[in-house]
Amino acid sequence: QVLRRILPAGAEPDFRDPSGTIRLDQVPVNELWIGKRTIKFQEQSRSRIAWIDRLGEGILPTRESVIQEGDLLHVVLREENATHAYTVIDHGPEEE
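I will try to describe carefully the structure that is included in this document. Here the structure is a predicted model, which means the values were calculated and not measured. (Residues numbered from 1 in each chain as written. Predicted model: local features only at pLDDT ≥ 70, side-chain atom pairs only at ≥ 80, totals over all residues. Heavy atoms only, no water.)

Among the residues of helix α3 (residues 82-91), Ala 82, Ala 85, Tyr 86, Val 88 and Ile 89 are the ones counted as buried. With its buried residues spanning 160 degrees around the axis, α3 presents them on a single face. Residues of α3 that are exposed and angled more than 90 degrees away from the buried face: Thr 83 and His 91. Buried-residue contacts for α3 involve β2 (22-28), α2 (38-45) and β5 (72-78). Residue Gly 92 follows α3 closely and has a positive phi angle near 85 degrees. (Buried < 20%, exposed > 50% of the residue type's maximum accessible area, 1.4 Å probe, protein only. Helix = DSSP H or I, 4+ residues; strand = E, 2+ residues; numbered from the N terminus. Arc of directions from axis to C-beta. Contact = heavy atoms within 4.5 Å.)

In structure tokens:
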């Protein structure tokens, strides 16, 4: 746990399935995503938000959920998409 906190986001997942293809990461919210719907985050990052830690409580996101300041996202993604996902997370949403 300590090592994960020291390494940059995405360097080492919290969990990896036995095949090594699926990973679970904790992702602190980038301010560029605040106020955006979770469905937009998931579509653009090619990941799924398993749950959100918000104000000390775990919540399951819905299509209508909006990302808020201080949220900690628990994101499930394919290992092969990790670089893309973290690029999208760092650069914020593409406006349509």
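On to the packing of α2 against α3, then. Two numbers describe how α2 lies on α3: the axes approach to 8 Å, and their chain directions differ by 135 degrees. Put simply, α2 runs oblique to α3. Residues Phe 41, Gln 44 and Ser 45 of α2 lie in contact with α3, whose contacting residues are His 84, Ala 85, Val 88 and Ile 89. Here the contact of α2 with α3 is composed, by residue class, of 4 nonpolar, 3 polar and no charged. (Axes fitted to C-alpha atoms, helices over the stretch in contact; angles between N-to-C directions. Parallel < 35°, antiparallel > 145°, perpendicular 65-115°, else oblique. Nonpolar A, V, L, I, M, F, W, Y, C, P; charged D, E, K, R; others polar.)

On to unusual backbone geometry, then. Across residues other than glycine, the phi torsion is negative in most instances, and most of the peptide bonds are trans. Positive phi, normally seen in glycine, also occurs at Arg 46, with a value near 55 degrees. Tracing the sequence through the fold places Arg 46 in the loop between α2 and β3 (48-54). The phi angle at Leu 55 is positive, at roughly 55 degrees, despite the residue not being glycine. For Leu 55, the position within the fold is in the loop between β3 and β4 (57-59).

These results come straight from atomic positions and should not be treated as a statement about function.
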